[in-house]
Amino acid sequence: MKEIAIFWFRRDLRLKDNCGLYHALKENHRVLPVFIFDTDILNELNNDDEPRVEFLFERISELKAHLESMGSSMMVLHGKPIDQFRSLIGNFMVTRVYFNHDYEPHAIARDLRIYQLLEKHDIEVKSFKDQVVFEKDEILKKDGKPYTVFTPYMKKWKSKLNMNPPAGYSIDGLENRFLKTDGFRVPSMEELGFKKTGRSFPPAVFDEQVISNYHLNRDYPALDGTTRLGVHFRFGTVSIRQAVKRALELNETWLNELIWREFFMMILWHFPYVTDQSFKPQYDEIEWRNNEQEFDDWCRGMTGYPIVDAGMRQLNQTGYMHNRVRMITASFLTKHLLIDWRWGESYFAEKLLDYELASNNGGWQWAAGSGCDAAPYFRIFNPYRQAQRFDPENKYIERWVPEFRDPEYNKPIVDHKFARERALKVYGKAVKKE
């Protein structure tokens, strides 16, 4: 039996500019690519028509076909990662395992279990930074503590980038180091427990025109003014280093959005309690109303506020919601309806194709006022003014709520002025002084 190294694909589903894969090939002559459909994650999904699984399935199939064109393949497994690795080291003479870092608590715990298993079998583990430009303790304040306010973090991030521009990782010339093997069988969608949805996915391309005009168009949901790359960053089908390179060339506003993504990832890394608690503890004292009927109205896009309903219907039908509208709908749920931000965060987590724990949690806590560098609790979006400002011709609203001018259209489930005053009172009582 010949010795092999394993590269474990996770949130880095690409061959180009993949840090861990580069090092695996550079340091070994027989590298077996592996992907595991993790049942610990899949079993938590509520529906069998889950487009994120379909997206993964399609990307994995493409990667496998590409590898097979080089005389190699990818082993695609289905089960608990710990069990799959026990099987791998029983069937192959594995000397090293490579993968890229993940920063979510569930992933950190999973990786620790894998590391402990491999260590018992004297198998070397090597992991690398890949899905962010700066990680963990690379961006800290002078006192060694993590930033909790975005602007100084962003300035330090850019300063460090100027001194340490991110390197790319090319595997050109290393392709012959993949393990030569016949193709492996891929579990079908049905075997994974899901069915195909027929959903179309945005392309993994850096649209120069969209990025160049991002600062002008990004807030207007009727325009095709955002990159729609969120799902590709989530699963690593595009390189963050290449994205930053394009942002530096084309648009600083888009660069700042990429930095927000890393800011929230590092907040999650340093303060993992934010997954189910408010970053600011006093916000967990808010007396949420948590009216289930109103939550259901919000989920279905039946609040009687056209811009809110448009956003929720877009989410339900497409798995995507425009970022400006995400802020409006989140503010409405937490402040107009006084429903716990965790309810909304969970709903978005279920529906969003580009769901990422750090960004979703950070965005919801920002809207609720409970997060780091969040909007103050007394900042309450007026949905009518937001619509007038960012959808002045009602094009976005007309697309998703065509009946909004009809007298039969839902009456608002709560009066804006009343809701605002109620929120100020309830928040003020809990928060007192920020």
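In what follows, the structure referred to is the one given above.
First, a word on what this report is: a plain description of the structure on this page. (Residues numbered from 1 in each chain as written. Predicted model: local features only at pLDDT ≥ 70, side-chain atom pairs only at ≥ 80, totals over all residues. Heavy atoms only, no water.)

### Here we look at the side chain of aspartate 354
We apply this condition: In this text, helices come from DSSP runs of H or I with a minimum length of four residues, and strands from runs of E with a minimum of two, each type numbered from the N-terminal end. Any N or O atom pair separated by 3.5 Å or less is treated as a polar contact, with the protein-specific requirement of one donor-capable and one acceptor-capable atom, and with residues adjacent in sequence counted only for side-chain atom pairs. Note on contacts: a residue pair is in contact if any heavy atoms of the two residues lie within 4.5 Å.
Here aspartate 354 is to be found in the loop between α16 (341-351) and α17 (357-368). Polar side-chain contacts of aspartate 354 include one of 2.9 Å to the side chain of arginine 326. Among residues more than four places away in sequence, those in contact with aspartate 354 are Gly230, Val231, Arg234, Gly319, Tyr320 and Arg326.

### Quick notes on the packing of aromatic side chains
Applicable threshold: Put simply, two rings from Phe, Tyr or Trp (the six-membered ring, in Trp's case) pair if the centres are within 6.5 Å, and we call them stacked under 30 degrees between planes, edge-to-face over 60, tilted for the rest. Under the scheme applied here, a residue whose accessible area is under 20% of the maximum for its type counts as buried, over 50% as exposed, and between as partly exposed, the area being computed with a 1.4 Å probe on protein chains only. Placement of a positive charge over a ring is assigned whenever Lys NZ or Arg CZ falls within 6 Å of the ring centre and within 35 degrees of the normal to the ring plane.
Counting across every chain of the model gives 35 aromatic pairs. With 5.2 Å between their ring centres and 80° between their planes, phenylalanine 295 and tryptophan 343 make a pair best called edge-to-face. Note that phenylalanine 295 is positioned in helix α13 (residues 292-300) and tryptophan 343 in helix α16, a separation of 48 residues in sequence. On the basis of relative accessible area, phenylalanine 295 is assigned to the buried category, the value being 16%. For tryptophan 343, a relative accessible area of 28% puts it in the partly exposed group. Chaining the aromatic ring pairs together yields one cluster made of Tyr147, Phe150, Tyr153, Trp260, Phe263 and Phe264. Between arginine 10 and the ring centre of tryptophan 8, over which it is positioned, the NZ or CZ distance is 4.5 Å. Above the plane of the ring of tyrosine 320 lies arginine 228, whose end atom (NZ or CZ) is 3.7 Å from the centre.

### Description of the sheet that holds strand β1 (residues 3-9)
What counts is decided by this rule: Paired strands are those between which DSSP finds at least two bridges. Comment: axis = line fitted to C-alpha atoms, over the contacting stretch for helices; angle = value between 0 and 180 degrees taken between N-to-C directions.
Spatially, β3-β2-β1-β4-β5 is the arrangement adopted by the 5 strands of the open sheet, whose pairing is parallel. Looking at which strands have only one partner, the edges of the open sheet turn out to be β3 (75-79) and β5 (124-128). For this sheet the average axis-to-axis angle between neighbouring strands, irrespective of direction, equals 25°. Across 5 bridges, β1 lies against strand β2 (residues 31-38) in parallel orientation. Bridge pairing in β2 links phenylalanine 9 to phenylalanine 35.

### Regarding the packing of helix α6 (residues 150-163) against helix α12 (residues 252-270)
To keep things clear, this is the line we draw: If an angle is under 35 degrees, it is roughly parallel; if it is over 145, roughly antiparallel; if it lies from 65 to 115, roughly perpendicular; otherwise it is oblique. Residue polarity is assigned by list, with Asp, Glu, Lys and Arg as charged and Ala, Val, Leu, Ile, Met, Phe, Trp, Tyr, Cys and Pro as nonpolar; anything else, Gly included, falls into the polar class.
Here α6 crosses α12 at 110°, and the two axes come no closer than 10 Å. If you check the angle between α6 and α12, you find them roughly perpendicular. Touching Phe150, Tyr153, Met154, Trp157 and Lys158 of α6 are Glu252, Leu255, Asn256, Ile259, Trp260, Glu262, Phe263 and Met266, all from α12. Among the residues making up the contact of α6 with α12, the classes are represented as 9 nonpolar, 1 polar and 3 charged.

### Quick word on the side chain of serine 73
Inspection of the secondary structure assignment puts serine 73 in the loop between α3 (51-69) and β3. Engagement of the side chain of serine 73 in a polar contact is seen with the side chain of glutamate 68, the distance being 2.8 Å. Separated by 3.3 Å, the side chain of serine 73 and the backbone nitrogen of phenylalanine 184 make a polar contact. Setting aside chain neighbours within four positions, we find serine 73 in contact with Pro33, Lys64, Leu67, Glu68, Leu179, Thr181, Asp182, Gly183 and Phe184.

### Description of the nonpolar core
Selection criterion: Definition of nonpolar core: a set of buried residues of the types Ala, Val, Leu, Ile, Met, Phe, Trp, Tyr and Cys, connected through side-chain atoms within 4.5 Å.
Membership of the largest hydrophobic core comes to 49 residues, with the highest contact counts inside it found for Trp298, Tyr347, Phe348 and Tyr427. Those elements that place two or more of their residues in this core are α13, α14 (306-318), α15 (323-336), α16, α17, α19 (395-400) and α20 (416-431). Here tyrosine 427 is in contact with Tyr283, Ile286, Trp288, Thr334, Lys335, Leu338, Ala368, Tyr377 and Lys432, once residues within four sequence places are set aside.

### Concerning the environment of serine 239
Along the chain, serine 239 falls in the loop between α10 (230-235) and α11 (240-250). Sequence separation between serine 239 and glycine 168 is 71 residues; the distance between their C-alpha atoms is 9.1 Å. Excluding residues within four positions of it along the chain, serine 239 makes contact with Arg14, Asp17 and Phe206. One polar contact links the side chain of serine 239 to the main-chain amide nitrogen of arginine 241, over a distance of 3.1 Å.

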